[in-house]
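So the chains spell out like this:
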Amino acid sequence: MKIFFLQFSVKPTERNLNFKKVEGAYVSFWIRDQDRISAFTKAKFDISKYDWVIEELTEEPHEVTEHDFLNKDLGLDNYHKALAEGRACVYVGWPKDGQKIEGELKIDSSQDFNLGGFLKKQKNLTNKGRCLHFNNGIRCNLIIKTHSIQNNGVLSKIARDGKVYQVSKNFSDLKKSNGNVAFQLEGVSRVSTFKGFCKYHDNKLFEPIDNLSLIPTSEQIFLYSYRSLCKELFVKENALDLLESQYKMHADSPAYHGLLSGMLRGTKHGYKNLCRHKELFDESLKTENYEEIKYMVFISEESPFMAFSGVLYPEYDFMGNPLQDLSNEAEQLDMITFCSAPITGGWAFVFAWHTSSSKNCINVMRSLATLIYEGYDVGDLLFRFVIASCENVAFSPKWWESLTKEEQKNISEKATIMAGVFTIVLPNYLQDGLSGISEWKFPDVYSEME
């Protein structure tokens, strides 16, 4: 990660504790991030949160190093603070007539985020089960915790004493990692689960993949893809409910209300497209027309050290070429699913999509093939893809603990790309970073893309 420096002139709002004595101020930021736009967005929110309004951007965000602040104690201290904590800022103000201020301004926010209410609502939604099978009804009387990542075939194999590393859901861990995704040990019974099916439909529907290794057949590929989709639909539906309640709760907080408004629009757009894809998959399931699912499967003969399951609206292909505009709320988005699956003598990396998404998904696969042909390591490309695109991952404790602190840090930073509220996705995000960590090898590939 880089450190960006930027500066604004600002004025206090009436809610600002300095409003009566301060006419305006210059605020300098040191922000650790991957690009200048994300750094600017973070600073802009920070200014609003502490009850200031921007008058002018007096110094554009630009990358700085320790050398830029030699013999500048204040600048050097804040540079090191940003390296350690992700952010540092200094407000220096000028007084209103007849007022006097000295040194740095003390800042505080009148806008509080109701973290307790957020966590309570989040827990209630997670525990609120429903059966997502298209034929749900009176038989759906026992909602269970379904594993979106196969338990017996994958999770149990990479676990140690029944535990694996997964993305931490604790805010304290997020704070310790300075806003980056953190990983914690968790029992496999709690990993990748969601209350999205009843016992009857879960057992009946997913029997061909829960009790059998991947061959692969079209039905198996469909079921892996369908389960990934249903998990994401369940999570997105809960996120939409949560964001709507928080948006109303923070109506009197300009900074959080504005942030939540943008998040709410994006989540609604994503959820609407998930519902459309779910209808397409349900129609294939009703008619048992599994041939409408296209796929590419990479075969590994090694023992797995991680397991994953996710979906993605691909914005860029592996080469950085733009595919679809995710911000266009009128656009129907193509979707690709991906997961790990057990096979006899190893494991498989499975990409799959409905034929209606073939245009962009085939372009993703072609760009991957092009980079492999040009000499890029396929293991690095696929590992980078999973870490940057998926939160629903689990690591073998033995493997994770064998990594250096720097390697763990790099994985956490890469995982933050999709999870970060203020972070934009750069076109080349699938080409850089994490090289040589996975050492994945895939000697065989199966595909059905036409």
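Going by the structure above, here's the rest.
A. Broad picture of the environment of I149. Along the chain, I149 falls in the loop between β5 (143-147) and α4 (151-158). Overall, I149 belongs to the buried group, its relative accessible area being 2%. Separated by 118 residues in the primary sequence, I149 and I31 place their C-alpha atoms 36 Å from one another.

B. Looking closely at a negative patch on the surface. A cluster of acidic residues, E301, E302, E439 and D444, forms a negative patch at the surface. Within the secondary structure, E301 is located in the loop between β9 (293-300) and β10 (306-312).

C. Structural context of helix α9 (residues 254-287). With 34 residues, α9 extends 50 Å between its outermost C-alpha atoms, agreeing within 8% with the 50 Å of an ideal straight helix rising 1.5 Å per residue. Phi turns positive, to about 55 degrees, at E288, one or two residues after α9.

D. Quick look at the packing of helix α8 (residues 218-249) against α9. Running from N to C, α8 and α9 point in directions that differ by 150 degrees, and their axes come no closer than 8 Å. Considering the angle they form, α8 stands roughly antiparallel to α9. Handedness of the crossing formed by α8 with α9: left-handed.

E. Structural context of the sheet that holds strand β1 (residues 2-12). Strand order across the open sheet formed by four strands is β3-β1-β2-β4, with antiparallel pairing between neighbours. Lying at the two open borders of the sheet, with one neighbouring strand each, are β3 (52-64) and β4 (87-95). Direction aside, neighbouring strands of the sheet carry axes that sit 15 degrees apart on average. Each of β1, β2 (22-33), β3 and β4 touches helix α1 (residues 36-49); the most contacted strand, β2, lies at about 140 degrees to it.

The rules behind these values
Residues numbered from 1 in each chain as written. Predicted model: local features only at pLDDT ≥ 70, side-chain atom pairs only at ≥ 80, totals over all residues. Heavy atoms only, no water. Helix = DSSP H or I, 4+ residues; strand = E, 2+ residues; numbered from the N terminus. Buried < 20%, exposed > 50% of the residue type's maximum accessible area, 1.4 Å probe, protein only. Patch = residues over 30% accessible without salt bridge, like charges linked within 9 Å, V, L, I, M, F, W, Y side chains within 5 Å. Areas by Shrake-Rupley, 256 points an atom, 1.4 Å probe, with all protein chains shown as cover. Salt bridge = Lys/Arg side-chain N within 4 Å of Asp/Glu carboxyl O. Lys, Arg positive; Asp, Glu negative; His and termini not counted. Charge placed at Lys NZ, Arg CZ, Asp CG, Glu CD. Expected span 1.5 Å × (residues − 1). Axes fitted to C-alpha atoms, helices over the stretch in contact; angles between N-to-C directions. Parallel < 35°, antiparallel > 145°, perpendicular 65-115°, else oblique. Left-handed = near helix turned anticlockwise from the far one by under 90°. Pairing = 2+ DSSP bridges. Contact = heavy atoms within 4.5 Å.

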